[in-house]
Amino acid sequence: MELRNNWVVITGASSGFGAAAAKAFAARGCHLLLGARRVDRLEEVAAEAIGAGAASARFHALDVASTPSVEAFAAWARGVSSTVDVLINNAGGAHGLDPVATGKDADWEAMVQSNFLGLLRVTRALLPLIPREAGAYILNLGSVAGHTAYEGAAVYCGVKAAERSITQSLRLELVGTGIRVGSLDPGLAETEFALVRFKGDTARASNVYAGMTPLTAEDIADTMVWMVSRPVHVCIDEIIIKPTDQAAIHKVHRRTA
Ligand code: NDP
Ligand code: 8X3
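Reading guide: rules and limits
- All residue numbers refer to positions counted from 1 along the written sequence of the respective chain.
- Working convention: letters from A go to chains and numbers from 1 go to ligands, in the order in which they are written.
- Restriction of local features to residues with pLDDT of at least 70 applies here, the model being predicted, together with a cutoff of 80 or more for giving and counting side-chain atom pairs; totals for whole chains, interfaces and linings are based on all residues.
- Each side-chain value is worked out from all heavy atoms of the structure, with water and hydrogens disregarded.
- The helix count covers DSSP runs of H or I at least four residues long, the strand count covers runs of E at least two residues long, and both are numbered beginning at the N terminus.
- Under the rule applied, a polar contact is a pair of N or O atoms within 3.5 Å (in protein, one hydrogen donor and one hydrogen acceptor; residues adjacent in sequence only if both atoms are side-chain atoms).
- Should any heavy atoms of two residues lie within 4.5 Å, those residues are considered in contact.
- Put simply, a residue is near a molecule or strand once any heavy atom of it comes within 4 Å of that molecule or strand.
- With residues, only the protein chains shown are counted as cover, and all accessible areas are computed by Shrake-Rupley using a 1.4 Å probe.
- As a working rule, the residues Ala, Val, Leu, Ile, Met, Phe, Trp, Tyr, Cys and Pro are called nonpolar, Asp, Glu, Lys and Arg charged, and the rest polar, with Gly in that last group.
- In this analysis, axes come from line fits to C-alpha atoms, helices being fitted only over the stretch in contact, and the angle between any two N-to-C directions falls in the range 0 to 180 degrees.
- Left-handed describes a crossing whose near helix is turned anticlockwise from the far helix through less than a right angle; right-handed describes the clockwise counterpart.
- We call a set of buried Ala, Val, Leu, Ile, Met, Phe, Trp, Tyr and Cys residues a nonpolar core when their side-chain atoms join them within 4.5 Å.
- Buried residues are those whose accessible area, probed at 1.4 Å on protein chains only, stays under 20% of the maximum for their type, while exposed residues exceed 50% and partly exposed ones sit between those limits.

With respect to the side chain of Thr-167
And then number 1: Here Thr-167 shows up in helix H5 (residues 154-174).
And then number 2: For Thr-167, the side chain forms a polar contact with the main-chain oxygen of Glu-163, separated by 2.8 Å.
And then number 3: Once residues within four sequence positions are removed from consideration, Thr-167 is found in contact with Asn-140, Val-181, Gly-182 and Ser-183.

Brief notes about the site of ligand 1
And then number 1: For ligand 1, the set of nearby residues contains 31 residues, the closest of which are Ser-14, Arg-37, Arg-38, Tyr-156 and Thr-191.
And then number 2: Ser-14 is positioned with one of its side-chain polar atoms (N or O) 2.7 Å from an oxygen atom of ligand 1.
And then number 3: Separating an oxygen atom of ligand 1 from a backbone N or O atom of Glu-192 is a distance of 3.1 Å.
And then number 4: Burial of ligand 1 by the protein chains amounts to 95% of its free accessible area of 880 Å².
And then number 5: Within the residue set of the shell around ligand 1, elements represented by two or more residues are helix H1 (16-27), H5 and helix H6 (193-197).
And then number 6: Looking at side-chain class alone, the shell around ligand 1 contains 14 nonpolar, 12 polar and five charged residues.

Some details on the packing of helix H3 (residues 67-80) against helix H4 (residues 105-126)
And then number 1: Two elements in contact, H3 and H4, have axes whose closest approach is 9 Å; the angle formed by their N-to-C orientations is 35°. For H3 against H4, the interelement crossing comes out right-handed. Residues Thr-67, Val-70, Phe-73, Ala-74 and Ala-77 of H3 form the contact with H4, whose own contacting residues are Arg-121, Val-122, Arg-124, Ala-125 and Leu-126.
And then number 2: Partitioned by chemical class, the residues of the contact of H3 with H4 number seven nonpolar, one polar and two charged.

What to know about the nonpolar core
And then number 1: The biggest cluster of nonpolar side chains holds 40 residues, and the ones touching the most others in it are Phe-25, Leu-32, Leu-34, Ile-88, Leu-139 and Met-224.
And then number 2: Mapped onto this core, the elements with two or more residues apiece are strand E1 (7-11), H1, strand E2 (31-36), helix H2 (39-51), strand E4 (86-89), strand E5 (137-141), helix H8 (217-228) and strand E7 (238-241).
And then number 3: For this core, the leading source of residues is H1, giving eight residues.
And then number 4: Residues within four places of Leu-32 in sequence aside, it is in contact with Val-8, Ala-22, Phe-25, Ala-26, Ala-49, Ala-54, Ser-56, Ala-57 and Arg-58.

Structure (structure tokens):
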């Protein structure tokens, strides 16, 4: 379907997939409403989106871990546009890689708040703006971690498994409205994800991708645009996308120097 002049909300638009998605939807002539906590970064992303062809690009502070912040963001969005055609629930990430035995409350809470409760809060707040007609899309960022558990990631895997359940529940609740609901579930992709997980430890973060070719943020943004631009009678329920070098969570091909 034609995306020109669609209104697209992207959460977590200050880096990684969200920033790349802003540029990809901009190139299709969309209006962008961008949210994240780092507003200085959003300002840069919005300026780049205008350069890439966005019909408009606005931004507002958003902490999906806070209901008042989500409500303030939704009120701002309502003041700018009476409709949101596409909602990209992308904000989130992993904090720490500790086994359950030594897991930290702060890490667990941050993951539950952003990936799980944040997704619910933003969707609840923006649903009234999503038109009940064919073509609208709610696209949630899941992960291969929601399909297969791995060591040190009990909570991250848990919240991404929950994302799949929320996506399925929403699709059932919204059938008949014309709103499509899908999940995009990537494997290893080089963004700020590992840097956040390892709390700024750049050596540990870059080691995640050592000797292999990860996905890029642009790969994921392209896939988002493809999902949303299918004909209105087509809903891409769920996509798993991995680097060719990653056959499974525990099976990554690494070249040695
Ligand atoms: P980045 O760390 O590059 O981006 C994460 C984005 O989420 C940032 O814009 C950050 O903005 C935002 N964010 C985090 N917490 C909050 C919050 N409480 N409120 C608002 N925004 C928040 O990582 P990615 O782009 O890789 O991650 C995007 C999504 O994709 C996440 O949900 C992640 O779990 C998922 N994913 C990532 C994979 C990967 O390998 N990279 C693979 C599979 C899924 P700010 O800090 O400015 O608020
Ligand atoms: C991010 C992918 O495999 O690092 O969701 O958990 S993984």
